[in-house]
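Listed here are the chains, written in short residue letters.
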Amino acid sequence: MKEYYDLVIVGGGMVGASLACALMPVLESLDLNIAVIESYPLPEEEALSFQPSYDARSTALAYGSRTIYEQMGVWDVLKTHLSAIKNIHVSDKGHFGVTRLSAEKEKVAALGYVVENQWLGRVLLDHLRRADTTRLDFICPANVTGIQSSASLMEVFLTTESTKHKLNCELVVMADGGRSSLREQMGISYTQTTYEQHAVIANVSADRGHQNVAYERFTDKGPMALLPLEDEGGYHRSALVWTVPDESVDDVLGIDDQAFMALLHERFGYRAGNFIKVGERASYPLKLTVADEQVRQGVVVLGNAAHSLHPIAGQGFNLALRGVVALVDTLVYAKKQNKSLGDLALLQNFYDRQKGDQERTIGFSDRTMKLFSNNQPLLALGRNLGLQLLDVCPPAKTVLARSAMGLDMPAPELK
Ligand SMILES: Cc1cc2nc3c(=O)[nH]c(=O)nc-3n(C[C@H](O)[C@H](O)[C@H](O)COP(=O)(O)OP(=O)(O)OC[C@H]3O[C@@H](n4cnc5c(N)ncnc54)[C@H](O)[C@@H]3O)c2cc1C
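Here the structure is a predicted model, which is why all the values come from computation and not from measurement.

Rules behind the numbers
Residues numbered from 1 in each chain as written. Predicted model: local features only at pLDDT ≥ 70, side-chain atom pairs only at ≥ 80, totals over all residues. Heavy atoms only, no water. Pairing = 2+ DSSP bridges. Helix = DSSP H or I, 4+ residues; strand = E, 2+ residues; numbered from the N terminus. Axes fitted to C-alpha atoms, helices over the stretch in contact; angles between N-to-C directions. Left-handed = near helix turned anticlockwise from the far one by under 90°. Contact = heavy atoms within 4.5 Å. Nonpolar A, V, L, I, M, F, W, Y, C, P; charged D, E, K, R; others polar. Expected span 1.5 Å × (residues − 1). Buried < 20%, exposed > 50% of the residue type's maximum accessible area, 1.4 Å probe, protein only. Arc of directions from axis to C-beta. Core = buried A, V, L, I, M, F, W, Y, C linked by side-chain atoms within 4.5 Å. Salt bridge = Lys/Arg side-chain N within 4 Å of Asp/Glu carboxyl O.

## Some points on the sheet that holds strand S4 (residues 83-85)
A sheet is described by the order of its strands in space; here 3 strands give the open sequence S3-S7-S4, paired in antiparallel fashion. Single-partner strands in this sheet number two, and they are strand S3 (58-62) and S4. The mean inter-strand angle of the sheet, taken between neighbouring strand axes irrespective of direction, is 30°. Inspection of the sheet shows S3 paired to strand S7 (residues 112-116) by 5 bridges, in the antiparallel sense. Note on S7: the bridge partner recorded for Ala62 is Gly112.

## Quick look at the packing of helix H1 (residues 14-23) against helix H5 (residues 117-129)
Where H1 contacts H5, the axes come no closer than 9 Å and their chain directions differ by 35°. Judged by the twist between their axes, the crossing of H1 over H5 is left-handed. Contact with H1, carried on its side by Met14, Ala17, Ser18, Ala20 and Cys21, involves Asn117, Leu120, Leu124, Leu125, His127 and Leu128 of H5 and no other residues of that element. A breakdown of the residues in the contact of H1 with H5 according to their chemical character gives 8 nonpolar, 3 polar and no charged.

## A few points about helix H8 (residues 257-268)
Its 12 residues give H8 an end-to-end C-alpha distance of 16 Å, which sits within 8% of 16 Å, the value for a rise of 1.5 Å per residue. Within H8 the residues assigned to the buried category are Phe260, Met261, Leu264, His265, Arg267 and Phe268. End-on view of H8: buried residues confined to an arc of 165°, all on one side of the axis. Tucked into the core, H8 has its buried residues touching strand S12 (190-206), strand S13 (213-218), strand S14 (224-228), strand S15 (236-245), helix H7 (249-254) and strand S16 (275-278).

## Observations concerning the nonpolar core
Ranked by internal contacts, the top residues of the largest apolar core, which has 60 residues, are Leu7, Leu19, Leu23, Tyr69, Leu78, Val300 and Leu302. Counting residues in each nonpolar core, the second largest holds 24 residues, with Val10, Val144, Leu167 and Leu182 among its members.

## Considering the side chain of Ser238
Positionally, Ser238 belongs in strand S15. Exposure remark for Ser238: the relative accessible area of 9% places this residue in the buried category. If sequence neighbours within four positions are ignored, Ser238 has contacts with Ala202, Asn203, Val204, His210, Leu226, Leu227, Pro228 and Leu229.

## What to know about the environment of Ser189
Looking at the secondary structure, you find Ser189 in the loop between helix H6 (181-185) and S12. Separated by 103 residues in sequence, Ser189 and Asp292 place their C-alpha atoms 5.7 Å apart. In this view, Ser189 contacts Ala291, Asp292 and Glu293; residues no more than four positions away in its chain are not counted.

## Let's talk about the pattern of salt bridges
For side chains bearing opposite charge, pairing can occur when the charged atoms are close. The final tally for this structure, using the stated rule, is 17 salt bridges. Here Glu28 makes a salt bridge to Arg135, at a shortest N to O gap of 3.2 Å. A residue pair is termed long-range when its members are at least 10 positions apart, and Glu28 in the loop between H1 and strand S2 (34-37) and Arg135 in the loop between H5 and strand S8 (136-139) qualify at 107 residues. The exposure class of Glu28 is exposed, given its relative accessible area of 56%. Taking the relative accessible area as the measure of exposure, Arg135 reaches 14% and is therefore buried. Between Arg296 and Glu293 there is a salt bridge whose closest N-O contact spans 2.8 Å. For Glu293, a relative accessible area of 29% translates into the label partly exposed.

## A look at unusual backbone geometry
As a rule of thumb, non-glycine residues mostly have phi less than zero, and peptide bonds are mostly trans rather than cis. Omega for the bond connecting Cys140 with Pro141 falls within 30 degrees of zero, at 0°, which places this linkage in the cis form. Here Pro141 lies in the loop between S8 and strand S9 (143-150).

## Side note on the pairing of strand S5 (residues 87-92)
The element S5 is largely enclosed, with a buried count of 5 among its 6 residues. Note: S5 against strand S6 (residues 98-102), 5 bridges, orientation antiparallel. Looking at S6, one finds that His89 is bridged to Arg100. Pairing analysis gives 6 bridges linking S5 to S13, with the strands arranged parallel. Its bridge partner being in S13, Ser91 is matched across the sheet by Arg217.

See the structure below:
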């Protein structure tokens, strides 16, 4: 651990580790020294990592995120354990509307990719660990307890085991997740609305292969998604994200596997086959949280600490990854202009460019969620007509597919 870094990233989760990977190629040429501080112990090399960011969940990566990981140089490894989404099937329980999107019809290799968070974590952390550089320190396990500005620098306070340390840097990136304690400590307010729902996640197996189909199903109790995963141990697997009202979450978690699969069939139907096995279940409270202030002199709030979304549209991490690229772009520019990485005008400019993307993405997932959670008969009729119309209207489907793939805007380019 050095006493001074140009940049300190708090949180080595999916977003913090992605930012460090994105900066690696320019550390030498820009004369940058960076540190990533993570409170959970770094897992053994080659072992799957168990930490909040890399738990049993899976993430649907938009096609645009593939481009970003290709530019970082991690895609070739990442793709060895991914499932491509070739088709998406959208339906509304108890109603007639159905929409089907297909990679073939959209003339792309895949509509997106599903990666297990543990695999993504392992690939990112191994990439950082194997870096042949003294310019990157992974300080772990270490807990950041405070951030303070002093003169022209930032001070970062941390504890490793029982020892206290202080680091100085030009810029602190807070990638410490949705429950960021540093956000409170720094007096950064946020706007939060609860969906009064939990996401129950589990890996489930059916008696037939998923054929690379991702299902999005809206029900009167909340939406659910079933995403294709790699087969394992002779089982066809899919990742289930099942939104349930807060008051039902204990019931859904507490029942035995057979009862869980029966309930799942009742809500989801049999379009993916007969469920025969279910893995460990976990649940996440669902809230829309947006930090009111995402940049300050010497500070950037990134990833879930800046914005956490309803997971059903699979947009939260993809949005954060676009933020990572925009931040790298800003930092490269700052160095080339001989400016401090913490320069407020530059950081404000970074945020202003991000704001439109954030508002669009958050608005899309929030509106989709509310539209499909409403049982008002006229709304239900309207959305089912909409789904049906989409199904027979190729240009409209192309617009939807491109937006789901993150292709409705140019893929951001890493400098
Ligand atoms: C059920 C579910 C399904 C989802 N599916 C999708 C999807 O399909 N597609 C998609 O795009 N998004 C999805 N998301 C969103 C995605 O999971 C998040 O965007 C992503 O996890 C955010 O990562 P993060 O690194 O910002 O935060 P986190 O994953 O919370 O990581 C924060 C890290 O910071 C560390 N940390 C915290 N405090 C400190 C401290 N004081 N000192 C040091 N370290 C600290 C933590 O240990 C952790 O490792 C889903 C979310 C949920 C809940």
